[in-house]
Amino acid sequence: MKIDCSAEFIVKFITHIKMSLDSTSSKKFNLEKASNFMRQFRDPDSRELKKLSANQFMEIWSHYDKDGNGYIEGTELDGFLREFVSSANFTDISPDAVSDSMLVELKACFMEAYDDNQDGKIDIRELAQLLPMEENFLLLFRFDNPLESSVEFMKIWREYDTDGSGYIEADELKNFLRDLLKEAKKINDVSEDKLIEYTDTMLQVFDSNKDGRLQLSEMAKLLPVKENFLCRQVFKEGIEGATKLTKDDIERVFSLYDRDNNGSIENEELKGFLKDLLELVKKDYDAQDLLEFEETILQGLEYSSEGKISRKQLTMILLALAKHNQEEEPATP
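Brief notes about the overall build of the protein chain
Regarding its fold elements, the protein chain presents 15 helices and four strands. The buried share of the protein chain, reckoned over its 333 residues, is 47%. In the protein chain, of all internal contacts separated by at least 6 residues, the share reaching a separation of at least 24 is 64%. Counting every atom, the protein chain has about 17,800 Å² of accessible surface; 48% of that belongs to carbon and sulfur.

Right, dumping it as structure tokens:
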């Protein structure tokens, strides 16, 4: 049976907790002030969540993403949900007021409503859909506008890596955010100080290795694409998958990267394809990794000096990818 996960499901749980507390001896929760990190972000009178600044949102994210791996998951998610719901009560109660059975149902509803990619954990974009933030900061997450492909990503990368360093430094990131706000006709609502705050917060959120700049893989989390087509099941089925690859499959992949329809994959198109390919084997990567990967792949293709990949060469790569995945899979006992 499908769980009811309407927009008001959290309110229902809060109400349920309040009713449970009213019918239970207050001695059970004999706490003058239960520890609850989320309580400070609620209005003391209405118990509604206050509108968060970018820095406050980052403070919440860092508190619950205790291992710093970029996700709120497992016990981290349990702790967040218990504190989020119990913090709405007018009486200071322990997060343990949310019973294990209630937590199971709450988590199921929460994940159905906010776990967009259905990976069983919450990333920073998904959390931002739940917590009320300043309108302009929400805009920067580009919820409804993922890039069509990594080709567009590489074009943006080249445009804002103005010094060609292979990184997006703080000033380049600020220019990117400024242009994003201009595009949305919001730039007049944001002061220079606020823009600097947004830039600093974005670096805190996405600069995983804390070197003060964004490398390729970090910027890719800020600017996600709709889909890495190379992650589709047909490329994970090994030799069997290779035999299933049809002409239409090859054509769809080729068209995805040949954005100008000139019959070859080149320039940012080639960089975008290789970025997607690299992501299959390396989680954290920078511009130098991409360059070395490009040299390795193209040497294996007896690459021409024209800087292009043809349909035939793409087919060779995709067939090799499917076969490689089969060889990487552990043998079944």
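From this point, the discussion proceeds with the structure in view.
Concerning the nonpolar core
If you look at the biggest cluster of nonpolar residues, it comprises 82 residues, and the most contacted ones within it are L131 and F176. Ignoring sequence-local partners within four residues, the contact set of L131 consists of M38, L49, L52, F57, I60 and F84.

Details of the packing of helix 3 (residues 75-86) against helix 4 (residues 100-114)
Running from amino to carboxyl end, helix 3 crosses helix 4 at an angle of 100°, the nearest separation of the two axes being 10 Å. The orientation of helix 3 with respect to helix 4, classified from their angle, is roughly perpendicular. Contacts between helix 3 and helix 4 involve L77, D78, F80, L81, R82 and V85 from the first element and D100, L103, L106, K107, F110 and M111 from the second. For the contact of helix 3 with helix 4, a count of residues per class yields eight nonpolar, no polar and four charged.

Details of the environment of E269
Position of E269 among the secondary structure elements: in helix 13 (residues 268-279). The exposure class assigned to E269 is buried, which follows from its relative accessible area of 6%. Distance from E269 to D258, taken between C-alpha atoms, is 6.3 Å for residues 11 residues apart in sequence. Residues contacting E269, with those up to four places away along its chain left out, are V151, Y257, D258, R259, D260 and S264.

Focus: the packing of helix 7 (residues 150-160) against helix 13
The contact between helix 7 and helix 13 brings their axes to 8 Å, and the two run at 115°. Between helix 7 and helix 13, the angle is such that the two are roughly perpendicular. At the point where helix 7 passes helix 13, the crossing takes the right-handed sense. Contacts from S150, V151, F153, M154, K155 and R158 of helix 7 reach helix 13 at E268, E269, K271, G272, K275 and D276.

A word on the side chain of R82
Structurally, R82 can be placed in helix 3. If we ignore the near neighbours within four places in the chain, the residues touching R82 are P95, D96, V98, S99, D100 and L103.

About the thresholds
- Residues numbered from 1 in each chain as written.
- Predicted model: local features only at pLDDT ≥ 70, side-chain atom pairs only at ≥ 80, totals over all residues.
- Heavy atoms only, no water.
- Helix = DSSP H or I, 4+ residues; strand = E, 2+ residues; numbered from the N terminus.
- Buried < 20%, exposed > 50% of the residue type's maximum accessible area, 1.4 Å probe, protein only.
- Contact = heavy atoms within 4.5 Å.
- Areas by Shrake-Rupley, 256 points an atom, 1.4 Å probe, with all protein chains shown as cover.
- Core = buried A, V, L, I, M, F, W, Y, C linked by side-chain atoms within 4.5 Å.
- Axes fitted to C-alpha atoms, helices over the stretch in contact; angles between N-to-C directions.
- Parallel < 35°, antiparallel > 145°, perpendicular 65-115°, else oblique.
- Nonpolar A, V, L, I, M, F, W, Y, C, P; charged D, E, K, R; others polar.
- Left-handed = near helix turned anticlockwise from the far one by under 90°.

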